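Structural overview for review
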Amino acid sequence: MATEGLQENETLASLKNESESLKNKLEEERAKLHDVELHQVADRVEALGQFVMKTRRTLKGHGNKVLCMDWCKDKRRIVSSSQDGKVIVWDAFTTNKEHAVTMPCTWVMACAYAPSGCAVACGGLDNKCSVYPLTFDKNENMAAKKKSVAMHTNYLSACSFTNSDMQILTASGDGTCALWDVESGQLLQSFHGHAADVLCLDLAPSETGNTFVSGGCDKKAMVWDMRSGQCIQSFETHESDINSVRYYPSGDAFASGSDDASCRLYDLRADREVAIYSKESIIFGASSVDFSLSGRLLFAGYNDYTINVWDVLKGTRVSILFGHENRVSTLRVSPDGTAFCSGSWDHTLRVSAGVLVSVHILKT
Amino acid sequence: MAHDLSDKEIVKMEIEQLKKEVKTERMVVSKTAKEIVEWIEANAAEDPLLKGVPEDKNPFKEKGGCTIT
């Protein structure tokens, strides 16, 4: 009936108004404690000199865009996945390929190394996350031991083992995240709250407890309690999709990279955004972010083929790395912090490291 | 799943979440930011990408040629 239709619309509009006024109230509460900026507190900290980043290894072998990569805890092995449907395990020291498996789908958007180093997980357009044990027996077919663990109703965008090989956390285009038992494939917990595709997730450092952060196409970053499934905190300051989220090493903050061409730092105890890393000259989206070991540097890969390195405290850029011939889609610092690996739509992965060069040396 | 929810259901979910978050315990930025700075300073010396690594200790140093002894 016409009148029923009107009531429907009124209710949605009044709900949206309620949501808006709650958001304003939340911002007011947060603003009360916003007494200083991070870079002001960091004023007394010595500025960094210029960094010169150099690519040390180039990993070639994928037949199409590299979409995701992860380091093994042994600090030398890397797993990567590609639009070509392949998942490859590399020895980054020698650049040798140690394992390769072809997935039944193209666009393998997510991959992760198991903490033990004995398995990898991956998935994408197949809407699943599967685990492959890594075998060194040349006669064994890696694909034969495949175990399907997670099932979503849309693409898998991200996956991560928790602190053991027994559980996997997934993020999906279906708008949810989920925690799974690897052995049984059972769904242990699901996380509802995003209003659109979830694109990324990161687990809090183990000392911080059982939380993780996710980012999505709804421009929100959400922090979740893994046991209860509840969202603890959420942040909506980005102006576009959040492609990447990464915890700051102490667990008290996290960084995000977005299609709005900025990266941001969110302080979890102050419950607010405390820094924006952007420049007028950077107009392409940031696809992937990670911190150096101390948290002083933030590495970010962009859709304009570059990697920018930011001084987390001062908010300034300290280095820019060229080299990839297409979008940088994934980036991770190695577990011991000696290097970082970037994957690109140019089909390659590059392992790079930096040297701090003082202005004095540059002048001679 | 977000795609299965109606617009109204999504906004209602948002409202419930916001009501909880308004009550979150927060600390002043001057205190938390100070602790972030302190943590970085305490760990900076052990950060290889920040401090640099001598070439001979760098696991990713350039692959050398052969040495004939």
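- In the nomenclature of an unreviewed UniProt entry, chain B corresponds to Guanine nucleotide-binding protein subunit gamma from the organism Erpetoichthys calabaricus.
- Of the comments in the UniProt record for chain B, the one headed Function (unreviewed entry) reads "Guanine nucleotide-binding proteins (G proteins) are involved as a modulator or transducer in various transmembrane signaling systems. The beta and gamma chains are required for the GTPase activity, for replacement of GDP by GTP, and for G protein-effector interaction."

- You'll find chain A entered in an unreviewed UniProt entry as Guanine nucleotide binding protein (G protein), beta 5b, with Erpetoichthys calabaricus given as the organism.
- Turning to chain A, the UniProt record has this under Sequence similarities (unreviewed entry): "Belongs to the WD repeat G protein beta family."

Quick notes on the UniProt feature "repeat: WD" (unreviewed entry) in chain A
- The UniProt record annotates "repeat: WD" (unreviewed entry) at residues 59–100, 149–190, 191–234, 235–276, 288–320 and 321–351 of chain A.
- When the span residues 321–351 of chain A is considered, its composition is 0% helix and 48% strand, and the gap between its end C-alpha atoms is 12 Å.

Points about empty space enclosed by the protein
Residue and element names in this part refer to chain A.
- Applying the stated criterion across every chain yields a total of one cavity of 30 Å³ or more.
- Of the pockets and cavities examined, the largest cavity occupies roughly 30 Å³.
- In this structure, the largest cavity is lined by Thr55, Tyr305, Ile307, Leu321, Phe322, Gly323, His324, Ser342 and Arg350.
- Of the residues contributing to the lining of the largest cavity, the split by class is four nonpolar, four polar and one charged.

Some details on the nonpolar core
- Counting 30 residues, the largest nonpolar core has A:Leu38, A:Cys263, A:Leu265, A:Tyr277, A:Leu298 and A:Leu313 as its most contacted members.
- Looking at this core, the elements that each hand over two or more residues are helix 2 (38–41), strand 19 (253–258), strand 20 (263–267), strand 21 (272–277), strand 22 (286–291) and strand 23 (297–302) of chain A together with helix 2 (29–43) of chain B.
- Among the elements that take part in this core, helix 2 of chain B stands out by supplying five residues, more than any other.
- In this structure, A:Cys263 is in contact with A:His238, A:Ser256, A:Gly257, A:Ala275, A:Ile276, A:Tyr277, A:Ala286, A:Val289, A:Leu298, A:Ala300 and A:Tyr302, ignoring residues within four places of it in sequence.

With respect to the packing of aromatic side chains
Residues and elements named next belong to chain A.
- According to the stated counting rule, one finds 13 aromatic pairs over all chains in the structure shown.
- Centroid distance Phe235 to Phe254: 5.7 Å. Interplanar angle 65°. Geometry classified as edge-to-face. Taken as a pair, Phe235 in strand 17 (residues 231–235) and Phe254 in strand 19 lie far apart in primary sequence, 19 residues in all. The burial state of Phe235 is the same as that of Phe254; both residues are buried.
- Here Tyr248 and Phe291 contribute two aromatic rings whose centre-to-centre distance is 5.6 Å and whose plane-to-plane angle is 80°, an arrangement assigned as edge-to-face. Remark: Phe291 occurs in strand 22 and Tyr248 occurs in the loop between strand 18 (242–247) and strand 19; sequence separation between them is 43 residues. Assigned by exposure class, Tyr248 and Phe291 land together as buried.

Here we look at the pattern of salt bridges
- All chains considered together, the criterion is met by 25 salt bridges over all chains.
- A salt bridge links A:Lys25 to A:Glu29, with the shortest nitrogen-to-oxygen separation between them at 3.0 Å. Of this pair, A:Lys25 and A:Glu29 both sit in helix 1 (residues 2–32), separated by four residues, roughly a single helical turn.
- Measuring nitrogen to oxygen at the nearest pair gives 3.2 Å for the salt bridge that ties A:Lys147 to A:Glu183. Linking A:Lys147 in strand 9 (residues 147–151) with A:Glu183 in the loop between strand 12 (176–181) and strand 13 (187–192), this pair joins segments that are 36 residues apart in sequence.
- Linked through salt bridges whose partners overlap, the residues forming this network are A:Glu27, A:Arg30, A:Asp271, B:Glu21 and B:Arg26.

A short note on the layout of surface pockets
- The computed volume of the second largest pocket comes to approximately 350 Å³.
- Forming the walls of the second largest pocket are 25 residues, and the residues nearest its centre are A:Lys220, A:Ser234, B:Gln17, B:Leu18 and B:Glu21.
- Residue assignment for the lining of the second largest pocket shows that the elements contributing at least two residues are helix 1, strand 16 (221–225) and strand 17 of chain A together with helix 1 (7–22) of chain B.
- No other element matches the seven residues that helix 1 of chain B contributes to the lining of the second largest pocket.

Observations concerning the interface of chain A and chain B
- Between chain A and chain B, the contact holds 78 residues from the first and 48 residues from the second.
- Surface buried jointly by chain A and chain B totals about 5,500 Å² across both partners, of which 64% is contributed by carbon and sulfur atoms.
- Joining chain A to chain B, the criterion identifies seven salt bridges.
- We note a salt bridge from B:Lys19 to A:Glu18, for which the minimum N-O separation is 3.7 Å.
- Run the count over chain A and chain B and you get 17 residue pairs in polar contact (both at pLDDT 80 or more).
- Looking at the side of chain A that touches chain B, the elements that each hand over two or more residues are helix 1, helix 2, strand 1 (50–59), strand 17, strand 21, strand 23 and strand 28 (349–357) of chain A.
- Counting residues per element, the side of chain A that touches chain B draws most heavily on helix 1 of chain A, at 13 residues.
- Here the side of chain A that touches chain B is composed, by residue class, of 34 nonpolar, 22 polar and 22 charged.

Cut-offs used in this document
- Residues numbered from 1 in each chain as written.
- Chains lettered and ligands numbered in written order.
- Predicted model: local features only at pLDDT ≥ 70, side-chain atom pairs only at ≥ 80, totals over all residues.
- Heavy atoms only, no water.
- UniProt positions renumbered as here; feature names shortened; annotations may be inferred.
- Helix = DSSP H or I, 4+ residues; strand = E, 2+ residues; numbered from the N terminus.
- 1 Å grid on protein atoms, 1.4 Å probe; cavity = no way out; pocket = protein on both sides within 12 Å on 5 of 7 lines; lining within 4 Å.
- Points joined across faces, edges and corners; volume = space filled by probe spheres on them.
- Nonpolar A, V, L, I, M, F, W, Y, C, P; charged D, E, K, R; others polar.
- Core = buried A, V, L, I, M, F, W, Y, C linked by side-chain atoms within 4.5 Å.
- Buried < 20%, exposed > 50% of the residue type's maximum accessible area, 1.4 Å probe, protein only.
- Contact = heavy atoms within 4.5 Å.
- Phe/Tyr/Trp six-rings, centres within 6.5 Å; stacked < 30°, edge-to-face > 60°.
- Salt bridge = Lys/Arg side-chain N within 4 Å of Asp/Glu carboxyl O.
- Buried area = accessible area lost by both parts, 1.4 Å probe.
- Polar contact = N/O pair within 3.5 Å; in protein donor to acceptor, adjacent residues only side chain to side chain.

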